[in-house]
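Understanding the architecture of this molecule
The lines below spell out each chain.
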Amino acid sequence: MTGKEFMLASLKAISQEIIAHEEELNRLDNAIGDGDHGTNMARFCRIILQDLPELAEQEDMGKILQHVGMRCITEIGGSAGPLFGKFYLQAAMANMGNSCMEVANWVVSFEEGTMGVSQIGRSVEGEKTMLDALFPADRAMQEALEEGRSFQDILLAGAEAAQKGVEYTKTIQASKGRAAYLGMRSIGHQDPGATTIMLMLQAMHRLAVEMQAE
Ligand code: ADP
Ligand code: MG
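All of the points below concern the structure found in this document. Per chain, residues are indexed from 1 in the order of the written sequence. Whichever chain is written first becomes A and whichever ligand is written first becomes 1, with later ones labelled in order. Per-residue local features are limited, in this predicted model, to residues with pLDDT of at least 70; the limit for side-chain atom pairs, both in listing and counting, is 80 or more; totals at the level of whole chains, interfaces and linings are taken over all residues. Values shown for side chains rest on all heavy atoms present in the structure; no hydrogens or waters enter the calculation.

Examining the site of ligand 1
Only heavy atoms are used to decide nearness, and a residue is near a molecule or strand if one of them lies within 4 Å of it. His37, Ser79, Ser123, Met130 and Asp191 are the nearest of the 20 residues found near ligand 1. Note that an oxygen atom of ligand 1 is positioned 3.0 Å from one of the side-chain N or O atoms of aspartate 36. Polar contact criterion, stated in full: a pair of N or O atoms within 3.5 Å, where within protein one must be able to donate a hydrogen and the other to accept it, and residues adjacent in sequence count only if both atoms are side-chain atoms. Between ligand 1 and the protein, one listed contact pairs an oxygen atom with a side-chain N or O atom of asparagine 40 at 2.9 Å. For ligand 1, the accessible surface in isolation is 560 Å², of which the surrounding protein chains cover 93%. Areas reported here follow the Shrake-Rupley algorithm with a probe of radius 1.4 Å; residue values treat only the protein chains shown as occluding.

Dropping the structure here:
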C-alpha cells in the first residue's frame, strides 16, 4: 500500500476520475469563471496516463511527484496550472530520495502541498477556492493519523472533509480567482477547483479500499 504500486495506481485513478468529470467541472467553471477547468485538468490527466509507463521506471517517489508537478505547470492552462503544480512540487520535496511512502508521508505531503497552494495563491480558507477543500481535508487527515486510523480511514476522513468544504463554497462569496469578479453573484455556486480536490481524494480512498481487498 505504501510503495510505488499505490503511487502509480493512485495517479491513474485520480486521472480517470477527473477525465470522467471533465464536463461537470467545465459546467461549474462556466457559472463563475471561464468554463475551462475541466478541459484544463483533463488535458493534464490524459498526459499523466500516457506518462505512467515512464514513471513506473522511476524508483524515487519525490521524482515521480516532481514530474507530475512539472506537467501541471506546462500542461494545465490558467491559474490552476501553477497552483496544482506547486501542490505536487511541494509534496515532491518532502519525498526526495524515498523509495516508498508510509501513511504518515502521504499525510505530510498533502499538508506540504496545501501550504504551497496557499502560499503561491496568496489565499486562505474562506475565499471560495480549492483551499476550502484542501485545508479541511488536511486537518481531518492529520487528526485521523494521530488517532492511529488505517490509511483507508484517513483517506475517507479527507474525502468527507473535502466534500463538506465543497458544500461550503456554495455559501460564500469568492475573493480570489476569476470568480471574484462576480462579487456577491458568486454566492450559490460551487467552486470547481475545490470539486477537483474532492474528486481526487474520493478516487484515492476508493482505490485504497480496493487494493486492501485484493
Ligand atoms: P482559470 O481560473 O485561470 O480559468 P481554472 O478554471 O482551471 O483556471 O481553475 C479555477 C480554480 O482555481 C478555481 O475554482 C479555484 O479553486 C482555483 N483558484 C483560483 N485562484 C486561486 C487562488 N488564488 N488560490 C487558490 N486557488 C485558486
Ligand atoms: Mg477557468
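Side note on the packing of aromatic side chains
For this analysis, a ring pair means two rings from Phe, Tyr or Trp (six-membered ring only for Trp) whose centres lie within 6.5 Å, classed as stacked if their planes differ by under 30 degrees, edge-to-face if by over 60, and tilted for the remaining angles. Per the counting criterion, the structure on display carries five aromatic pairs. With a centroid separation of 5.5 Å and 75 degrees between ring planes, the pair formed by phenylalanine 87 and phenylalanine 110 is classed as edge-to-face. Of this pair, phenylalanine 87 sits in helix 5 (residues 80-93) while phenylalanine 110 sits in helix 6 (residues 103-120), and the two are 23 residues apart along the sequence. Aromatic pair tryptophan 106 and phenylalanine 151: ring centres 6.2 Å apart, planes at 40 degrees, arrangement tilted. Taken as a pair, tryptophan 106 in helix 6 and phenylalanine 151 in helix 8 (residues 151-171) lie far apart in primary sequence, 45 residues in all. With respect to class, tryptophan 106 is no different from phenylalanine 151; both count as buried. Strands here mean DSSP runs of E at least two residues long; helices mean DSSP runs of H or I at least four residues long; both are numbered from the N terminus. The buried label goes to any residue with under 20% of its type's maximum accessible area, the exposed label to any with over 50%, and the partly exposed label to all in between, with areas taken from a 1.4 Å probe on protein chains only.

Some words on empty space enclosed by the protein
Every definition here rests on a 1 Å grid over the protein atoms only: cavities are sets of points where a 1.4 Å probe fits but cannot get out, pockets are open sets enclosed by protein on both sides within 12 Å along at least five of seven lines, and lining residues have some atom within 4 Å of a point. Grid points are joined across faces, edges and corners, and a volume is the space filled by probe spheres set on the points. Under the definition given, this model contains two cavities of 30 Å³ or more. Taken as a whole, the largest cavity spans an internal volume of roughly 280 Å³. Taken together, 19 residues form the lining of the largest cavity, with Phe87, Tyr88, Trp106, Phe110 and Met204 sitting closest to its centre. Those elements giving two or more residues to the lining of the largest cavity turn out to be helix 1 (4-20), helix 5, helix 6, helix 8 and helix 9 (192-213). Split by residue class, the lining of the largest cavity holds 17 nonpolar, two polar and no charged. What the second largest cavity holds in volume is close to 40 Å³. Along the walls of the second largest cavity sit Leu11, Ile14, Ser15, Phe44, Ile48, Val68 and Tyr88, which together make up its complete lining. Taken together, the elements giving at least two residues each to the lining of the second largest cavity come down to helix 1 and helix 3 (37-55). Here the lining of the second largest cavity gets three residues from one element, more than from any other, and that element is helix 1. Its residues assigned to classes, the lining of the second largest cavity comprises six nonpolar, one polar and no charged. Only Asp, Glu, Lys and Arg are considered charged, only Ala, Val, Leu, Ile, Met, Phe, Trp, Tyr, Cys and Pro nonpolar, and every remaining residue, Gly among them, polar.

Topic: the packing of helix 8 against helix 9
Orientation is described by lines fitted to C-alpha atoms, with helices fitted over the stretch in contact, and by angles between N-to-C directions that extend from 0 to 180 degrees. In the contact formed by helix 8 and helix 9, the axes pass within 8 Å of each other and the chain directions differ by 160 degrees. In this view, helix 8 runs roughly antiparallel relative to helix 9, as classed from their interaxial angle. Considering how the two elements wind past one another, helix 8 and helix 9 form a crossing that is left-handed. Note on element contacts: helix 9 touches helix 8 through Ala194, Thr195, Met198, Leu201, Gln202, Met204, His205, Ala208, Val209 and Gln212, opposite Gln152, Leu155, Leu156, Gly158, Ala159, Ala162, Gln163, Val166 and Thr169. Here the word oblique covers every angle except those under 35 degrees (roughly parallel), over 145 (roughly antiparallel) and from 65 to 115 (roughly perpendicular). By convention the crossing between two helices is left-handed if the near helix lies anticlockwise of the far one by an angle smaller than a right angle, and right-handed if it lies clockwise. The contact criterion used throughout is that any non-hydrogen atoms of two residues lie within 4.5 Å.

Observations concerning the pattern of salt bridges
Note on pairing: side chains with opposite charge can pair once their charged atoms come close. Basic side-chain nitrogens of Lys or Arg form a salt bridge, by our definition, when they fall within 4 Å of a carboxyl oxygen of Asp or Glu. Throughout the structure, instances matching the rule amount to ten salt bridges. Taken together, the shared-partner salt bridges connect Asp51, Arg71 and Glu75 into one network.

So, the coordination of the magnesium ion (ligand 2)
Excluding water, the donors of a metal are its N, O and S neighbours within 2.8 Å, or within 3.2 Å for Na, K and Ca, and that exclusion means sites may look incomplete. Ligation of the magnesium ion (ligand 2) by protein atoms is provided by Asp29 (OD), Asp34 (OD) and Asp36 (OD), these donors lying 2.0 to 2.2 Å from the ion. Considered as a linear motif, the donors of the magnesium ion (ligand 2) on their single chain read D-x4-D-x1-D. Classification of aspartate 29 as buried rests on a relative accessible area of 8%. By relative accessible area, aspartate 36 is classed as partly exposed at 23%.

Keep in mind these numbers describe shape, not what the thing actually does.
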